[in-house]
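# A structural walkthrough
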Amino acid sequence: MLRLQKMAHLRRMAGTTRQTAMPAALLLAALAALPWNGLRAADPDQILGCMERAGEENRTLTQAYTSARIYRAENVKLHKAGTVSVEVIYTPPGRKDYRIVSKTGSGIVHKRVMEPALEEERRNAPPASRVHTDIHRRNYDFAFLEFDAEAGANVFQAAPKAPDKRLFKGKVWIDEATCAVLRIEGEPAVSPSFWVKKTQFRHDYARVEGVWLPVRHHTEVQLRLFGRSTFDIEYVRYSFGAPAETATWIPPAAAAE
């Protein structure tokens, strides 16, 4: 009799285990299917498509402007530094000209760093050149990394499809709300010189008068024999429209000073 009661108890326990195990298994399967790498992120291809459309729309909306900037470069080991104040004039759909307002410091730095940087931006401005340099799936392979809650952005790894010195390898922050590119961090796809051991840069964008434009740039370079060099661009202000009728944007930090 005791044996029969024990067997009945074991059957009841087994049935209870099966009943609770099934919902638990379904729950675990459902949890495993959730997109934990970014609950706010849509399908990565949708985000990238949205980014590409936002880029095209931004170029269409961007009117003529003049960008007042300060370029700074320094190499401590060589005791060389230079500063250049520049006005960059943008004319839609893709022309950039520049005017050097003032120079201080090393002439070698001006010639080897500042002038090539300005010329490179001018050459890459026309639409025919941008096709090969845009942050776009035709130029890069992307892989979703995470959602950056602090920045409110989806972060992607970007790998260039071609060994082109105008491209980069690194990370791209895509604004969750607008799909605009907020930040780029990385290094050139191709080292510019044997003398360059490592290059790391960061480029930040912000909405200015309804369009997205660069607002900060910082590069650090480790050189063989010559140590660390830095290169910075300070975007002092943007003035929109014809020079006679300026609607000026000044970065918040500069406006507060």
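Keep in mind that this is a model prediction, so the values were computed, not measured. (Residues numbered from 1 in each chain as written. Predicted model: local features only at pLDDT ≥ 70, side-chain atom pairs only at ≥ 80, totals over all residues. Heavy atoms only, no water.)

What the rule picks out here adds up to one disulfide. The disulfide partner of cysteine 50 is cysteine 179, and the gap between their sulfur atoms is 2.0 Å. Between cysteine 50 and cysteine 179 the disulfide shows an S-S torsion of about 95 degrees. By sign, it is right-handed. Here cysteine 179 lies in the loop between strand E6 (168–175) and strand E7 (181–188) and cysteine 50 lies in helix H2 (residues 44–61), a separation of 129 residues in the sequence. Taking relative accessible area as the criterion, cysteine 50 reaches 23% and is therefore assigned partly exposed. (Disulfide = S-S within 2.5 Å. Helix = DSSP H or I, 4+ residues; strand = E, 2+ residues; numbered from the N terminus. Buried < 20%, exposed > 50% of the residue type's maximum accessible area, 1.4 Å probe, protein only.)

Across all of its chains, the model carries 22 salt bridges by this definition. Across the pair glutamate 52 and arginine 137 runs a salt bridge, and its minimum N-O distance is 2.8 Å. Of this pair, glutamate 52 sits in helix H2 while arginine 137 sits in the loop between helix H4 (127–130) and strand E4 (140–148), and the two are 85 residues apart along the sequence. Since its relative accessible area comes to 11%, glutamate 52 is described here as buried. In this structure, glutamate 185 engages arginine 183 in a salt bridge whose closest nitrogen and oxygen atoms are separated by 3.4 Å. A relative accessible area of 16% means that arginine 183 is categorised as buried. Taken together, the shared-partner salt bridges in this structure form one network comprising Arg183, Glu185, Arg202, Asp204 and Arg216. (Salt bridge = Lys/Arg side-chain N within 4 Å of Asp/Glu carboxyl O.)

Take the environment of glutamate 146 next. With respect to the element layout, glutamate 146 can be found in strand E4. With relative accessibility at 41%, the residue glutamate 146 sits in the partly exposed group.

What follows is about the side chain of aspartate 148. As for its position among the elements, aspartate 148 is in strand E4. Buried aspartate 148, no salt bridge; nearest opposite-charge side chain is arginine 183, N-O distance 4.6 Å. Engagement of the side chain of aspartate 148 in a polar contact is seen with the backbone nitrogen of glutamate 150, the distance being 3.1 Å. Reaching out from aspartate 148, the side chain makes a polar contact with the side chain of tryptophan 173 at a distance of 3.0 Å. Setting aside residues up to four positions removed in sequence, aspartate 148 forms contacts with Ala153, Val155 and Trp173. (Lys, Arg positive; Asp, Glu negative; His and termini not counted. Polar contact = N/O pair within 3.5 Å; in protein donor to acceptor, adjacent residues only side chain to side chain. Contact = heavy atoms within 4.5 Å.)

Inspection of the entire model under this criterion finds 11 aromatic pairs. Between tyrosine 140 and phenylalanine 168 the ring centres are 5.0 Å apart and the planes differ by 45 degrees, which places this aromatic pair in the tilted class. Of the two residues, tyrosine 140 sits in strand E4 while phenylalanine 168 sits in strand E6, which places them 28 residues apart along the sequence. Look at phenylalanine 168 and you get buried, because its relative accessible area is 6%. Judged by centre distance (6.4 Å) and plane angle (90 degrees), the ring pair of phenylalanine 142 and phenylalanine 156 falls under edge-to-face. Note that phenylalanine 142 is positioned in strand E4 and phenylalanine 156 in strand E5 (residues 153–160), a separation of 14 residues in sequence. Here phenylalanine 142 and phenylalanine 156 have matching classes, each one buried. Three or more aromatic residues joined by ring pairs make a cluster, and in this case those are Tyr140, Phe142, Phe144, Phe156, Phe168 and Phe201. The side chain of arginine 183 reaches across the aromatic face of tryptophan 173, ending 4.2 Å from its centre. (Phe/Tyr/Trp six-rings, centres within 6.5 Å; stacked < 30°, edge-to-face > 60°. Lys NZ or Arg CZ within 6 Å of the ring centre and 35° of its normal.)

What follows concerns the pairing of strand E1 (residues 65–75). In terms of burial, E1 is largely enclosed, as nine of its 11 residues are buried. Bridge analysis of E1 against strand E2 (residues 80–91) gives 11 bridges, and the strand direction is antiparallel. Of the residues in E2, the one forming a bridge with serine 67 is valine 88. Here 11 bridges tie E1 to strand E10 (residues 227–240), and the two strands are oriented antiparallel to one another. Residue pairing in the sheet places serine 67 in a bridge with tyrosine 238 of E10. (Pairing = 2+ DSSP bridges.)

Worth remembering: the numbers are spatial, not functional.
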